[in-house]
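Summary of the model geometry
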Amino acid sequence: MLFNSLEFIIFFPIVTLLYFIIPHKYRWIQLLLASCIFYAALIPAYLLILLFLIIIDYSAGILIEKNKKKSWLIISIIANLSLLFVFKYYNFFISNINELTGNNMLLVKWALPVGLSFHTFQSLSYTIEVYRGNQKAVKHFGYYALYVMFYPQLVAGPIERPQHLFPQFFAKHKFSSQHLYEGLRLMAWGFFKKVVVADRLSDYVDFVYKDPAGHSGITIWVAAAFFSVQIYADFSGYSDIASGAAKCMGFDLMINFNRPQLAKNIRDFWKRWHISLSSWFRDYFYIPLGGNRRGTAKKNILILATFTLSGFWHGAGWTFIIWGMMHGVYVLLYDLTCRIAPRINLPKFFGWLLTCFCVGFALIFFRAASLHNAGEILWQSLHFKKITLDQITAVGTYGNFSVLVVLIGIAYMFIVEKYTDPKLFVLNKKPLPDIFVFVFTIWIIIFFGVFHKTSFIYFQF
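Counting from 1, residues in each chain are numbered in the order their sequence is written. Restriction of local features to residues with pLDDT of at least 70 applies here, the model being predicted, together with a cutoff of 80 or more for giving and counting side-chain atom pairs; totals for whole chains, interfaces and linings are based on all residues. Only hydrogens and water are set aside; all other atoms, that is, all heavy atoms of the structure, feed into the side-chain values.

1. Some words on the overall build of the protein chain
Within the protein chain one finds 18 helices and zero strands. Here the C-alpha atoms of the protein chain give a radius of gyration of 23 Å, agreeing with the 23 Å that 2.2 N^0.38 yields for 461 residues. Its C-alpha atoms put the protein chain at 70 × 60 × 55 Å along the principal axes. Only protein chains enter the accessibility calculation, which uses a 1.4 Å probe; a residue is then buried when its area is under 20% of its type maximum, exposed when over 50%, and partly exposed in between. Counting across all 461 residues of the protein chain, residues that qualify as buried make up 54%. By definition, residues are in contact when any of their heavy atoms lie within 4.5 Å. A separation threshold of at least 6 residues defines the contact pool for the protein chain, and within that pool the share at least 24 residues apart is 77%. Carbon and sulfur atoms make up 70% of the accessible area of the protein chain, which amounts to about 21700 Å² in all. Put simply, DSSP H or I for four residues or longer makes a helix, DSSP E for two residues or longer makes a strand, and each gets a number counted from the N terminus. Our radius of gyration is a C-alpha quantity, and the globule rule it is checked against amounts to 2.2 Å times the number of residues to the power 0.38. Shrake-Rupley sampling with a 1.4 Å probe provides the accessible areas, and residues are treated as covered by the protein chains on show and by no other component.

Here it is, written out as structure tokens:
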């Protein structure tokens, strides 16, 4: 089920209302059923895959705690990653082997289960934390299933940790008008970013990337800049809606984005962007393999490997691998610069501008449909010709008015987020600006939103 759909507009208030009507001891049943309905609205058969993962990791958690053996953790990791490999990466490896060897091994034709990478990593975090002794094994099967399937963050995160989410499932939440207001306000902000900013930008970006040869270098760079904003508005918009929906019932999800548009350097960017994933790789891959403890050379190799793996997590394609490697190189170059010239303090604006350019440039590979398409984009971006403002804005169904709406929406989004808390106006001592932004945001959604039920970008991961 898409957040930006009529079905969800009906689903959300019913689920939230029932949550507070039903006695506490039965709420896990209601939330689990609601989560199943939410996921089944996409591809019902793939509920069986989730059930398989849940059974494996629920059992592994109990056995790990009981026997204190690493073998059960390894079984959990192999089961999760094998499932991820079969559905997400099998065709990538087989097609590359076919191309290199001239063979014709069979490719499979099945749809990738929505959000498989997200709930696989969330499941793994549970068994790893049980093994480390940071989380007790959950004996109640229903509560563990709810941990994996909690509908607000089921298909695109944030990737939660068991220590953060389980205590909230067991806690008795009472209805709070403050939580309801904060949740609805955060949801409204997420919907604004999705339907006013991201979906309006997608029409322009899609048109240019589909046929880069038909556009000027200026138009290519405009599309690249637009995609940088689109993917942020789309993904952080999902996170805001998810956090808001959970907040209405009294749950707090972790912050997934902390105003990355304000990042002063590439390391600062990765402390602000997709925090739940970057912290997952840090805690379960980078640090366990040595982190900063094994000398500069090994640390640099590990940084590059972590970012490359992060890129591969996003998608089974060379474009995603290159995107991840580029960010690894960015971080290494930044660290090298800090070591060579530690006393050089560049203007903050220059650091911000360079970060925006580097992130946006790497996203060309992230967005491209293939390496060939990325090559076309890069080649065409070097070909500048005399072009008018009307020609830049008249892309596909775009025109001056559409671009004006988008630019105003982007400016409003960045200004509001620059001067607010990452959780968006946690109730403060100045309620008037609070309420004004909430009401004004809803007004913008109604009059300028795009309501053609487009999927979120990160659903494909």
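Anyway, onward from the coordinates.
2. Quick word on helix H4 (residues 70–101)
Along an α-helix, a turn takes 3.6 residues, which lines up residues three or four apart on a common side. Given the number of residues in a helix, its expected span is that number minus one, multiplied by 1.5 Å. Taking 1.5 Å as the rise per residue, H4 with 32 residues should run 46 Å; its terminal C-alpha atoms sit only 38 Å apart, a clear shortfall. Among all positions in H4, only Leu-73, Ser-76, Ala-79, Asn-80, Leu-83, Leu-84, Phe-87, Lys-88, Tyr-89, Phe-92, Ile-94 and Asn-98 are buried. Buried-residue contacts for H4 involve helix H3 (47–67), helix H5 (116–132), helix H12 (295–314) and helix H13 (318–340). Positive phi appears at Gly-102, one or two residues downstream of H4, with a value of about 80°.

3. Quick word on the confidence of the model for the protein chain
Across the protein chain, the average pLDDT comes to 88, with 94% of residues at or above 70. The pLDDT value tells you how sure the predictor is about a given residue, anywhere from 0 up to 100. Taken element by element, the predicted model of the protein chain shows its lowest mean pLDDT in helix H16 (residues 389–393) (63) and its highest in helix H6 (residues 141–149) (95).

4. Section: empty space enclosed by the protein
Residues are said to line a cavity or pocket when one of their atoms sits within 4 Å of a point; the points come from a 1 Å grid over protein atoms alone, cavities being sets where a 1.4 Å probe fits but cannot get out and pockets being open sets with protein on both sides within 12 Å along at least five of seven lines. Grid points are joined across faces, edges and corners, and a volume is the space filled by probe spheres set on the points. Within the structure shown, the criterion is met by five cavities of 30 Å³ or more. Roughly 50 Å³ of volume is contained in the second largest cavity. The wall of the second largest cavity is formed by Tyr-19, His-24, Arg-27, Trp-28, Leu-31, Tyr-143, Leu-146, Phe-169 and Phe-251. Within the residue set of the lining of the second largest cavity, elements represented by two or more residues are helix H2 (27–40) and H6.

5. So, the packing of H3 against H4
How two helices sit against one another is set out by the angle between their axes and by the gap between those axes. Here an angle of 0 to 180 degrees is reported between the N-to-C directions of two axes, which are lines fitted to C-alpha atoms, with helices fitted over the stretch in contact. Running from N to C, H3 and H4 point in directions that differ by 165°, and their axes come no closer than 8 Å. Here H4 runs roughly antiparallel to H3, going by the angle between their axes. Here H3 runs over H4; the crossing is left-handed. Taken together, the residues of H4 that come into contact with H3 (itself represented by Ile-49, Phe-52, Leu-53, Ile-56, Asp-57, Ala-60, Leu-63, Ile-64 and Asn-67) are Trp-72, Leu-73, Ser-76, Ala-79, Asn-80, Leu-83 and Phe-87. Amino acids outside the nonpolar list (Ala, Val, Leu, Ile, Met, Phe, Trp, Tyr, Cys, Pro) and the charged list (Asp, Glu, Lys, Arg) are all regarded as polar, and Gly is one of them. In terms of residue class, the contact of H3 with H4 is built from twelve nonpolar, three polar and one charged. If an angle is under 35 degrees, it is roughly parallel; if it is over 145, roughly antiparallel; if it lies from 65 to 115, roughly perpendicular; otherwise it is oblique. Should the near helix be turned anticlockwise from the far one by less than a right angle, the crossing is left-handed, and should it be turned clockwise, the crossing is right-handed.

6. Re the nonpolar core
Among the buried residues, those of types Ala, Val, Leu, Ile, Met, Phe, Trp, Tyr and Cys that are joined through side-chain atoms within 4.5 Å form a nonpolar core. By size, the foremost hydrophobic cluster in this structure holds 132 residues, and its most contacted members are Phe-8 and Tyr-458. Considering each element in turn, this core owes the most residues, 16 residues, to helix H9 (residues 217–248). In contact with Phe-8, other than residues within four places in its own chain, are Met-1, Leu-2, Phe-3, Pro-13, Phe-38, Tyr-151, Met-187 and Phe-191.

7. Remarks on the side chain of Glu-160
Tracing the backbone shows Glu-160 in the loop between H6 and helix H7 (162–170). In this tally Asp and Glu are treated as negative and Lys and Arg as positive; neither His nor the chain ends contributes. Any Lys or Arg side-chain nitrogen located within 4 Å of an Asp or Glu carboxyl oxygen qualifies as a salt bridge. Although buried, Glu-160 forms no salt bridge, and the nearest oppositely charged side chain, Arg-161, lies 7.3 Å from it.

8. With respect to the pattern of salt bridges
One pass over the structure, following the stated rule, counts 14 salt bridges. Among the ionic pairs, Glu-417 bridges to Lys-193, the shortest N-O distance being 2.8 Å. Placement of the pair is Glu-417 in helix H17 (residues 400–418) and Lys-193 in helix H8 (residues 177–210), with a sequence separation of 224 residues. You'll find Glu-417 and Lys-193 in the same group, each marked buried.

9. Details of a nonpolar patch on the surface
On the surface, Leu-6, Ile-9, Ile-10, Ile-14, Leu-17, Leu-18 and Ile-21 cluster together into a nonpolar patch covering about 700 Å² of accessible area. With respect to the element layout, Ile-9 can be found in helix H1 (residues 6–21). Note that patches include only residues with greater than 30% relative accessible area and no salt bridge, and the join distances are 9 Å for like charges and 5 Å for nonpolar side chains (Val, Leu, Ile, Met, Phe, Trp, Tyr).

10. Some thoughts on the environment of Gly-328
Position of Gly-328 relative to the elements: it lies in helix H13. In this structure, the C-alpha to C-alpha distance between Gly-328 and Ser-310, residues 18 residues apart in sequence, is 9.8 Å. Each residue touching Gly-328, except ones within four places of it in the same chain, is listed here: Ile-303, Leu-304 and Phe-307.

11. What to know about the packing of aromatic side chains
Between two aromatic rings, the relevant description is the distance of the centres plus the angle of the planes. Within 6.5 Å between ring centres, the rings of Phe, Tyr and Trp (the latter by its six-membered ring) count as paired, and their orientation is classed by plane angle as stacked under 30 degrees, edge-to-face over 60, tilted in between. The tally for this structure, following the rule as stated, stands at 67 aromatic pairs. For the ring pair Phe-3 and Tyr-238, a centre distance of 4.7 Å and an interplane angle of 25° mean the geometry is stacked. With Phe-3 in the segment before H1 and Tyr-238 in helix H9, the pair connects residues that are 235 residues apart, well separated along the chain. Judged by its relative accessible area of 0%, Phe-3 falls in the buried class. Considering the side-chain rings of Trp-280 and Tyr-284, the 5.0 Å spacing of their centres and the 70° angle between planes classify their relative orientation as edge-to-face. Of the two residues, Trp-280 and Tyr-284 both sit in helix H11 (residues 275–286), four residues apart, roughly one turn of that helix. Each ring is checked for a lysine NZ or an arginine CZ that lies within 6 Å of its centre and within 35 degrees of its normal; such an atom marks a charge sitting over the ring. Seen from the ring of Tyr-19, Arg-27 lies directly overhead, with NZ or CZ sitting 4.6 Å from the centre. Note that Lys-88 overlies the ring of Trp-313, its terminal NZ or CZ placed 5.4 Å from the centroid.

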